[in-house]
Amino acid sequence: MQTVHPDLWIRRFHSAVPASPRLVCLPHAGGAASFYMPMSKMLSPGVEVLAIQYPGRHERLSERRRETVAELADEITQVIRPLTDQPLSLFGHSLGATVAFEVARRMEADDIELAHLFVSSRRAPDLNRNEHVYERGDQELIKQIRSLSGTAPDVFDDPDMTARVLPAIRSDYKAAETYVYAPGPKLTCPVTALIGDADPMVSADEVTAWSKHTDGTFELRIWPGGHFYLDAHATEVIAEISAAMVATRST
């Protein structure tokens, strides 16, 4: 495996006190590390938030995009493996939840203990839907993205901006929709699954099914809202994450 440079992948937005627990945050399809800036601000300085920047966007725009969950998980695992000198938790939203799960599997296979896995707005990894959004034309893909209300509404009004961001979004959708779960050992870390009660992309039953993938404790949290319920309930959701991390450290 080629060497992966942490500075390309990890963004630190706020400082943290020495020896603080770490939370690695993985974005949704089309998302960037900056999505987690509010979470970083709210958890600082008690938690060190490390947001992952996928290739193909922002300052990594010219890099080769990754189109499989496996490739993303392999590289991210390599990047964060040295950061386990403090309790390490993972948070993934949508596509990021699947990638976080695969990172967790790789780390536990290497006997690296994780403090917690938070999975948001994503069905359990063994549940498939026959989705082919990534194969649609540009306008159909943009329509799908707009329907989730997770992207600034004026982004796709600018043809130049659209040309810059759409390839990365399409690659991310391909990674999410072509992912195939491979049976294996259950995780041992606690898992908390979060969902908006009106999310068109995933049902409560599909999220509850995450419980089958850990021998640790499992918690389900349902919030008012859609796929990006986080935007409206950031304070409450982040308080739950903080409480769960504290509880994990005390056990």
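Please refer to the structure higher up on the page.
Residues numbered from 1 in each chain as written. Predicted model: local features only at pLDDT ≥ 70, side-chain atom pairs only at ≥ 80, totals over all residues. Heavy atoms only, no water.

Q: What is the right way to read the overall build of the chain from this model?
A: The number of helices and strands found in the chain is eight helices and seven strands. Relative to a compact globule of 251 residues, whose C-alpha radius of gyration would be 18 Å, the chain shows 17 Å and is just as compact. Projected onto the principal axes, the alpha-carbon positions of the chain cover approximately 50 × 40 × 35 Å. Each of the 251 residues in the chain was classed as buried or not, and the buried ones make up 51%. Considering only residue pairs separated by 6 or more positions, the chain has 79% of its internal contacts joining residues 24 or more positions apart. Accessible area of the chain: about 11,300 Å², with a carbon and sulfur share of 53%. One finds the centroid of the 25 positive side-chain charges in the chain at a distance of 2 Å from the centroid of its 34 negative side-chain charges. (Helix = DSSP H or I, 4+ residues; strand = E, 2+ residues; numbered from the N terminus. Rg over C-alpha atoms; globule rule 2.2 N^0.38 Å. Buried < 20%, exposed > 50% of the residue type's maximum accessible area, 1.4 Å probe, protein only. Contact = heavy atoms within 4.5 Å. Areas by Shrake-Rupley, 256 points an atom, 1.4 Å probe, with all protein chains shown as cover. Lys, Arg positive; Asp, Glu negative; His and termini not counted. Charge placed at Lys NZ, Arg CZ, Asp CG, Glu CD.)

Q: I keep staring at the packing of aromatic side chains and nothing clicks. Help me out?
A: One pair of aromatic rings is described through two measures. These are the centre distance and the angle between the planes. Following the criterion strictly, the structure yields six aromatic pairs and no others. Their ring planes at 75 degrees and their centres at 6.1 Å tell us that F35 and F228 sit as a pair that is edge-to-face. Residue F35 is located in the loop between β2 (22–26) and α2 (37–43), and its partner F228 is located in the loop between β7 (218–223) and α8 (234–250); the two are separated by 193 residues in the primary sequence. Of the residues examined, F35 reaches a relative accessible area of 22% and is grouped as partly exposed. (Phe/Tyr/Trp six-rings, centres within 6.5 Å; stacked < 30°, edge-to-face > 60°.)

Q: What is the right way to read the pattern of salt bridges from this model?
A: Two side chains with opposite charge may pair up if their charged atoms get near one another. Within the structure shown, the criterion is met by 20 salt bridges. Where R123 meets E131, a salt bridge forms, and the shortest distance between an N and an O atom there is 3.4 Å. In this structure R123 comes out as buried when scored by relative accessible area, which is 6%. Classification of E131 as buried rests on a relative accessible area of 17%. (Salt bridge = Lys/Arg side-chain N within 4 Å of Asp/Glu carboxyl O.)

Q: What is the right way to look at unusual backbone geometry in this model?
A: In terms of backbone geometry, most residues other than glycine have negative phi values and most peptide bonds are trans. Of the consecutive residues S44 and P45, the connecting peptide bond is found in the cis state with omega at 5 degrees. If you trace the backbone, P45 turns up in the loop between α2 and β3 (48–52). Here the phi dihedral of H58 falls at roughly 50 degrees; this positive angle occurs in a residue that is not glycine. Among the secondary structure elements, H58 is positioned in the loop between β3 and α3 (69–80). Classification of H58 as exposed rests on a relative accessible area of 54%. Backbone geometry places S94, a non-glycine residue, at a positive phi of 60 degrees. Tracing the chain through its elements places S94 in the loop between β4 (88–93) and α4 (95–109). A relative accessible area of 9% means that S94 is categorised as buried.

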